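Reading the structure
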Amino acid sequence: MRRPVAFVTAIVLFVEAVGIVLVNGILATVAGNQRMSLAGMDPDAMVTGTWVMGGVSGVLLVLCGLIPLLAGIRDRAPGRVGRITLIACAVVHGVLGALAVGLIGWAAFVFLMAVLALIVLTLVAFDRSEPEAVKPTGAAPEPV
């Protein structure tokens, strides 16, 4: 079950990356067309900053998506850096989900919590500890 969960998590993070870039692209286009500014800031700086933020967010989500993808392909738990990255990604999704309830609505909250659940399930499904060797129960006792 852990490999399909890892693959689904990777696909969802890749789709989310594309969505973030598209949303930021739309925001940048609207800000550029209406020559919007915030507190007197240059509108071109607003457009550039929105594009950069969308691109960086998209790249980070793709990198976070590569970790469960590689874990699913290798059928091994992510390494220390990979686990820390996925934990940070989960925390960000949790905080954004809490903010999304008030700012966007319940649909965005449900989506972010579903992604959070997939990330956590991926982290939990790949247990880093190896199972101990099990002794047969019907074996004769070893001599002392």
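Located above this text is the structure these notes cover.
Note that this is a predicted model, so its numbers are computed, not measured.

Where nonpolar side chains cluster on the molecular surface, the patch consists of Val52, Val56, Val59, Leu60, Val62, Leu63, Leu66, Leu70 and Ile73 and spans about 750 Å² of accessible area. Residue Leu70 is classed as partly exposed on the basis of its relative accessible area, which comes to 38%.

Glancing now at unusual backbone geometry. The backbone of Asp75 sits at a positive phi, close to 55 degrees, despite the residue not being glycine. Looking at the element boundaries, Asp75 is found in the loop between helix 2 (43–74) and helix 3 (80–103). Here Asp75 falls in the partly exposed class, since its relative accessible area comes to 30%.

A few words on the packing of aromatic side chains. This structure, assessed with the given rule, holds 1 aromatic pair. Judged by centre distance (5.4 Å) and plane angle (85 degrees), the rings of Trp106 and Phe109 are edge-to-face. Separated by 3 residues within a single helix, Trp106 and Phe109 lie in helix 4 (residues 106–125), roughly one turn from each other. Using a relative accessible area of 57% as the deciding quantity, one classes Trp106 as exposed. Under the relative-accessibility criterion, Phe109 is labelled partly exposed at 23%.

On to the packing of helix 1 (residues 2–33) against helix 2. Between helix 1 and helix 2, the shortest axis-to-axis distance is 8 Å and the interhelical angle comes to 175 degrees. In terms of their interaxial angle, helix 1 and helix 2 are classed as roughly antiparallel.

Let us now look at the pattern of salt bridges. Within this structure, the stated rule accounts for 2 salt bridges. A salt bridge links Arg2 to Asp75, with the nearest nitrogen and oxygen atoms 3.0 Å apart. Taken together, the positions of Arg2 in helix 1 and Asp75 in the loop between helix 2 and helix 3 put the pair 73 residues apart, joining distant regions of the chain.

Definitions and limits used
Residues numbered from 1 in each chain as written. Predicted model: local features only at pLDDT ≥ 70, side-chain atom pairs only at ≥ 80, totals over all residues. Heavy atoms only, no water. Patch = residues over 30% accessible without salt bridge, like charges linked within 9 Å, V, L, I, M, F, W, Y side chains within 5 Å. Areas by Shrake-Rupley, 256 points an atom, 1.4 Å probe, with all protein chains shown as cover. Salt bridge = Lys/Arg side-chain N within 4 Å of Asp/Glu carboxyl O. Buried < 20%, exposed > 50% of the residue type's maximum accessible area, 1.4 Å probe, protein only. Helix = DSSP H or I, 4+ residues; strand = E, 2+ residues; numbered from the N terminus. Phe/Tyr/Trp six-rings, centres within 6.5 Å; stacked < 30°, edge-to-face > 60°. Axes fitted to C-alpha atoms, helices over the stretch in contact; angles between N-to-C directions. Parallel < 35°, antiparallel > 145°, perpendicular 65-115°, else oblique.

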